[in-house]
Structures are given as structure tokens and as C-alpha cells.
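Chain by chain, the residues:
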Amino acid sequence: ETGVTQTPRHLVMGMTNKKSLKCEQHLGHNAMYWYKQSAKKPLELMFVYNFKEQTENNSVPSRFSPECPNSSHLFLHLHTLQPEDSALYLCASSQDLISGGMGGEQYFGPGTRLTVT
Amino acid sequence: DAKTTQPPSMDCAEGRAANLPCNHSTISGNEYVYWYRQIHSQGPQYIIHGLKNNETNEMASLIITEDRKSSTLILPHATLRDTAVYYCIVRGWGQGAQKLVFGQGTRLTINP
């Protein structure tokens with residue numbers, strides 16, 4: 001496997017379910033990100049992790065709970081979601097947080113298409 | 001981060017060069033210009049970035065004006081697979097620079 005992988009690719013869940021999204025990067029990067037893309041809206045940054053430590057929570061509701069056990073893996077735990085949380089959830093990684101040129105580019109996974117019923 | 005302005009949509013014939021403009025008139029000296037694209041329902045794909053010199057890689061060329069207030073992404077021989085939304089993003093470096101702020105981008109359609 002190369003690049004950034006995400007599983008599952010599609011997920012349908014009820015509002016009372018608990019599920020988790022998984023992201024894995026095979027690039028040796030130190031920073032990982034969760035983004036949300038709702039229909040016809042720009043990507044919104046949700047969380048940032050650097051060397052397993054969370055450095056940013058962009059006012060995300062507590063029903064979304066991230067976990068970063070190591071620099072290669074990132075999870076997004078979901079519980080008690082609302083229908084408006086239906087969206088494409090994207091994971092990304094980069095070499096680090098501070099590089100502006102080479103090393104500053106982010107590499108994205110294919111995303112998980114989430115539908116909350 | 002500086003705001004960017006892009007046309008909402010563009011069309012280009014297959015095999016021709018696609019030139020996508022971006023205005024970033026408030027860019028500051030330490031901010032880079034990044035280009036990403038997103039093919040329908042996939043994750044965004046990094047294309048290229050530059051600071052002040054023109055850049056070229058296997059995917060595209062980036063032309064940045066001397067005053068750095070605008071740039072153009074050039075896909076030299078567009079194919080149908082280049083149909084996507086293209087995002088121009090200006091981003092600095094250093095602590096707190098990790099955010100990529102995505103706007104609406106330009107929806108590029110390559111026509112056969």
C-alpha cells in the first residue's frame with residue numbers, strides 16, 4: 001500500500017450507532033488531518049495531529065472524537081451523529097506542520113462517504 | 001492566509017493547454033502558492049507549489065507574476081481525466097501554518 005488509505009469507503013449509520021473511520025499513511029509523515037466536505041461546500045478542517053499530539057480542534061462537536069495512536073494511523077470515532085453530519089470525510093498527511101515549501105504539501109486519502117439516517 | 005480568487009468554471013478542448021488563473025493580491029512575502037485538484041468524489045490531489053519562481057513538474061507548470069499577486073496553473077496537454085475542481089491556495093509556513101483553506105475553486109471541464 002502506498003499513500004494515504006481510508007476505510008471504509010462508504011458508511012451508512014443510524015443516529016444511535018457508534019462507528020469509527022480509519023486512516024493510514026504510508027509516507028513516513030508526522031502530521032495528520034481530518035477534513036469534512038459537505039455537499040457543495042468547501043473542505044473544512046476538523047482536527048490536526050502532529051507526532052500523535054492534537055494541535056488543533058476546529059470547534060468540532062464532541063460527537064466526533066479523534067484518536068491518533070501513532071504517526072501512521074488516525075481514527076475518527078463517531079457517535080450520536082445527526083443527518084447533517086452526512087458528508088465526505090477526508091484524511092490527509094504532511095511531512096510536518098511548519099514547512100512552507102517542500103514538505104508542506106498535504107496528501108489526501110480517497111475519503112469515507114458517510115450517510116447518517 | 002491570503003484570500004484567493006478563481007473563476008468558478010472553465011472549459012478546455014482535449015489536447016489543448018488549460019490555463020487556470022488565480023488572483024492573490026494580498027499575498028505576503030513568506031506565503032507559497034499551492035494548487036490542488038479534486039476529481040469528483042475523490043480526495044484532493046496535490047499538483048504543484050511555488051514561492052516566486054516559475055515551477056514545472058510532471059503534472060503541470062506554475063507561472064507566478066513578478067509582483068506575486070497572481071498566478072496561472074498550466075496543464076500543457078489536457079486530457080479528459082483532467083476534468084476536476086482546481087483549488088489555488090496561499091499558505092505561509094511556520095507555527096500555525098498547517099491550515100489549507102479551500103475556497104470554491106475552478107471547475108475545469110475538458111471536452112472531447
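Look up: the structure comes first, before these words.
These notes cover the structure that comes with them.

### Some points on the overall build of chain A
At step 1: Secondary structure summary: chain A contains 0 helices and 11 strands in total.
At step 2: Each helix and strand of chain A, placed in order from N terminus to C terminus, yields the pattern β-β-β-β-β-β-β-β-β-β-β.
At step 3: Rg of the C-alpha trace for chain A: 14 Å, near the compact-globule value of 13 Å for 117 residues, within the 12% margin.
At step 4: In terms of overall dimensions, chain A has a C-alpha envelope of 40 × 30 × 30 Å along the principal axes.
At step 5: Taken over 117 residues, chain A has a buried fraction of 52%.
At step 6: Of the roughly 5,300 Å² that chain A leaves accessible, carbon and sulfur atoms contribute 50%.
At step 7: Taking the average place of the 10 positive charges on the side chains of chain A and the average place of its 10 negative ones, the gap between the two points comes to 10 Å.

### Brief notes about unusual backbone geometry
At step 1: Omega for the bond connecting Thr 7 of chain A with Pro 8 of chain A falls within 30 degrees of zero, at -10°, which places this linkage in the cis form.
At step 2: For Pro 8 of chain A, the position within the fold is in the loop between strand E1 (4-7) and strand E2 (10-13).
At step 3: Look at Ser 41 of chain B: it is not a glycine, yet its phi comes out positive at around 65°.
At step 4: In this fold, Ser 41 of chain B is placed in the loop between strand E3 (32-38) and strand E4 (45-50).
At step 5: Its identity is not glycine, yet Arg 68 of chain B carries a phi of approximately 65°, on the positive side.
At step 6: For Arg 68 of chain B, the position within the fold is in the loop between strand E6 (61-64) and strand E7 (70-75).

### Things to note about the nonpolar core
Where a protein is soluble and globular, its nonpolar side chains tend to be buried together.
At step 1: Membership of the largest hydrophobic core comes to 22 residues, with the highest contact counts inside it found for Trp 34, Phe 64, Leu 76 and Leu 78 of chain A.
At step 2: Contributing elements (two or more residues each) for this core: E2, strand E3 (18-25), strand E4 (31-37), strand E5 (44-50), strand E7 (64-70), strand E8 (73-79), strand E9 (87-94) and strand E11 (112-116) of chain A.
At step 3: Ignoring any residue separated from it by four or fewer positions in sequence, one finds Phe 64 of chain A in contact with Met 46, Phe 47, Leu 76, His 77, Leu 78, Leu 81, Asp 85 and Tyr 89 of chain A.
At step 4: With 21 residues, the next largest nonpolar core counts Ala 60, Ala 78, Ala 84 and Val 90 of chain B among its residues.

### Notes on the pairing of E2 of chain A
Residue and element names in this part refer to chain A.
At step 1: In E2, alternate side chains face the same way, and those of Leu 11 and Met 13 are buried while those of His 10 and Val 12 on the opposite face are not.
At step 2: When E2 meets E11, the two strands line up parallel, connected through 4 bridges. For Leu 11, the partnering residue across the bridge sits in E11 and is Leu 114.

### Observations concerning the sheet that holds E7 of chain B
At step 1: As summarised here, the arrangement of the 4 strands in space is E2-E7-E6-E5 (chain B), forming an open sheet in which the pairing is antiparallel. Strands with a single pairing partner mark the edges of an open sheet, and in this sheet they are strand E2 (18-23) and strand E5 (55-56) of chain B.

### With respect to the layout of surface pockets
At step 1: Considered as a void within the structure, the largest pocket measures approximately 490 Å³ in volume.
At step 2: Along its surface, the largest pocket is lined by 23 residues, and Gln 37 and Lys 40 of chain A together with Val 85, Tyr 87 and Arg 107 of chain B are the ones closest to its centre.
At step 3: Secondary-structure elements contributing two or more residues to the lining of the largest pocket are strand E8 (84-91) and strand E9 (106-111) of chain B.
At step 4: Of the residues that constitute the lining of the largest pocket, the class distribution is 9 nonpolar, 10 polar and 4 charged.

### Some remarks on the sheet that holds E3 of chain A
Residue and element names in this part refer to chain A.
At step 1: Strands sit in the order E1-E3-E8-E7 across an open sheet of 4 strands; the sheet is antiparallel. Looking along the sheet, the strands with just one partner apiece sit at the ends: E1 and E7. Neighbour-to-neighbour, the strand axes of this sheet turn through a mean angle of 20°, independent of strand direction.
At step 2: Inspection of the sheet shows E7 paired to E8 by 5 bridges, in the antiparallel sense. Note on E8: the bridge partner recorded for Phe 64 is Leu 78.

### Examining the state of the cysteines
At step 1: Applying the stated criterion across every chain yields a total of 2 disulfides over all chains.
At step 2: What pairs with Cys 22 of chain B in a disulfide is Cys 88 of chain B, and their sulfur atoms sit 2.1 Å apart. The sign of the S-S torsion, about -80°, decides the handedness of the disulfide formed by Cys 22 of chain B and Cys 88 of chain B: left-handed. With Cys 22 of chain B in strand E2 and Cys 88 of chain B in strand E8, the pair connects residues that are 66 residues apart, well separated along the chain.
At step 3: In this structure Cys 68 of chain A is a free cysteine whose sulfur lies 8.9 Å from that of Cys 91 of chain A, the closest cysteine sulfur available.
At step 4: In this model Cys 12 of chain B remains outside any disulfide bridge; the closest cysteine sulfur is found in Cys 22 of chain B, 18 Å from its own.

What counts as what
Residues numbered from 1 in each chain as written. Chains lettered and ligands numbered in written order. Predicted model: local features only at pLDDT ≥ 70, side-chain atom pairs only at ≥ 80, totals over all residues. Heavy atoms only, no water. Helix = DSSP H or I, 4+ residues; strand = E, 2+ residues; numbered from the N terminus. Rg over C-alpha atoms; globule rule 2.2 N^0.38 Å. Buried < 20%, exposed > 50% of the residue type's maximum accessible area, 1.4 Å probe, protein only. Areas by Shrake-Rupley, 256 points an atom, 1.4 Å probe, with all protein chains shown as cover. Lys, Arg positive; Asp, Glu negative; His and termini not counted. Charge placed at Lys NZ, Arg CZ, Asp CG, Glu CD. Core = buried A, V, L, I, M, F, W, Y, C linked by side-chain atoms within 4.5 Å. Contact = heavy atoms within 4.5 Å. Pairing = 2+ DSSP bridges. 1 Å grid on protein atoms, 1.4 Å probe; cavity = no way out; pocket = protein on both sides within 12 Å on 5 of 7 lines; lining within 4 Å. Points joined across faces, edges and corners; volume = space filled by probe spheres on them. Nonpolar A, V, L, I, M, F, W, Y, C, P; charged D, E, K, R; others polar. Axes fitted to C-alpha atoms, helices over the stretch in contact; angles between N-to-C directions. Disulfide = S-S within 2.5 Å.

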